[in-house]
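Listed below, chain by chain, are the residues.
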Amino acid sequence: ALRLTILVGEELLSIHRLGIIHRDLSLNNILIDVDDHNNPLAVKIIDYGLSKWDIETNIMEGCGTKEYKSPEGLKSMNTTVKSDAFSYAKIFDQYWGESIHIGKFEDLKYDHKTAILRILARGLDDNIINRSSVEDIVSVFTKILECYT
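As the structure is a prediction and not an experimental result, all values here were calculated from the model. (Residues numbered from 1 in each chain as written. Predicted model: local features only at pLDDT ≥ 70, side-chain atom pairs only at ≥ 80, totals over all residues. Heavy atoms only, no water.)

**Section: the packing of aromatic side chains**
Then step 1. What the rule picks out here adds up to 1 aromatic pair.
Then step 2. Taken together, a centroid distance of 5.4 Å and an interplanar angle of 75° make the contact between Tyr88 and Phe92 edge-to-face. Here the residue Tyr88 and the residue Phe92 both occupy positions in helix α3 (residues 81-95), the gap between them amounting to 4 residues, near one helical turn. (Phe/Tyr/Trp six-rings, centres within 6.5 Å; stacked < 30°, edge-to-face > 60°. Helix = DSSP H or I, 4+ residues; strand = E, 2+ residues; numbered from the N terminus.)

**What to know about the environment of Phe92**
Then step 1. Look at Phe92 and you get buried, because its relative accessible area is 2%.
Then step 2. For the pair formed by Phe92 and Leu4, sequence separation is 88 residues and the distance between their alpha carbons is 9.5 Å.
Then step 3. Setting aside residues no more than four positions away along its own chain, Phe92 makes contact with Leu4, Thr5, Val8 and Leu120. (Buried < 20%, exposed > 50% of the residue type's maximum accessible area, 1.4 Å probe, protein only. Contact = heavy atoms within 4.5 Å.)

**Points about the pattern of salt bridges**
Then step 1. On inspection of all chains with the given rule, the structure shows 2 salt bridges.
Then step 2. One salt bridge connects Arg131 with Glu72, and the closest N-O pair in it is separated by 2.8 Å. One end of the pair, Arg131, is in the loop between α4 (112-123) and α5 (134-146); the other, Glu72, is in helix α2 (residues 71-74), and 59 residues separate them in sequence. Here Arg131 matches Glu72 in class, with each residue buried.
Then step 3. With its nearest N and O atoms 3.9 Å apart, the salt bridge here joins Asp136 to Arg122. A residue pair is termed long-range when its members are at least 10 positions apart, and Asp136 in helix α5 and Arg122 in helix α4 qualify at 14 residues.
Then step 4. With relative accessibility at 31%, the residue Asp136 sits in the partly exposed group. (Salt bridge = Lys/Arg side-chain N within 4 Å of Asp/Glu carboxyl O.)

**Quick word on unusual backbone geometry**
Then step 1. Here Arg23, not a glycine, exhibits a phi torsion of approximately 70°, which is positive.
Then step 2. Turning to its location among the elements, Arg23 is positioned in the loop between β1 (20-21) and β2 (30-34).
Then step 3. The class of Arg23 is buried, set by a relative accessible area of 8%.

**Focus on the packing of helix α1 (residues 2-17) against α5**
The description of two helices packed together rests on the angle between their axes and the distance between the axes.
Then step 1. At a minimum axis separation of 9 Å, α1 and α5 run at an interaxial angle of 150°. Remark: the crossing between α1 and α5 carries left-handed chirality. Packed against α1, whose contacting residues are Leu2, Arg3, Thr5, Ile6, Gly9, Glu10, Leu12, Leu13 and His16, the element α5 presents Val134, Glu135, Val138, Phe141, Thr142, Ile144 and Leu145 at the interface. (Axes fitted to C-alpha atoms, helices over the stretch in contact; angles between N-to-C directions. Left-handed = near helix turned anticlockwise from the far one by under 90°.)

This is the structure we're talking about:
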């Protein structure tokens, strides 16, 4: 699960480095290649029908997968790479099987699970300024994975 989270984040970062905001990241738009033991080998993000260049005005009006849309996307406001970060955090919030809300886990002892929950909670922050970036999330997951390899 750690590796899959990292692979999706790295794929999303490569899209962002090209200057593209996906704007419709969801489970349905991620293809996963696995080995014989069901371990993820590679991922591809698909369906660029709603994507925009980062320099364009990126107002989303009633399009995209509502369940994964960022607050600014739901309000038909300008979207950024941090909007994709929200969708990424939302996917892995669901993937890790936790309902994460800002502040819910702040008092828990720091360990790997807590670090994951905290970074994903920050990724789901309604305030785009406070929201974790994709880089932030990938970094936390990579550091945790390094402890197990």
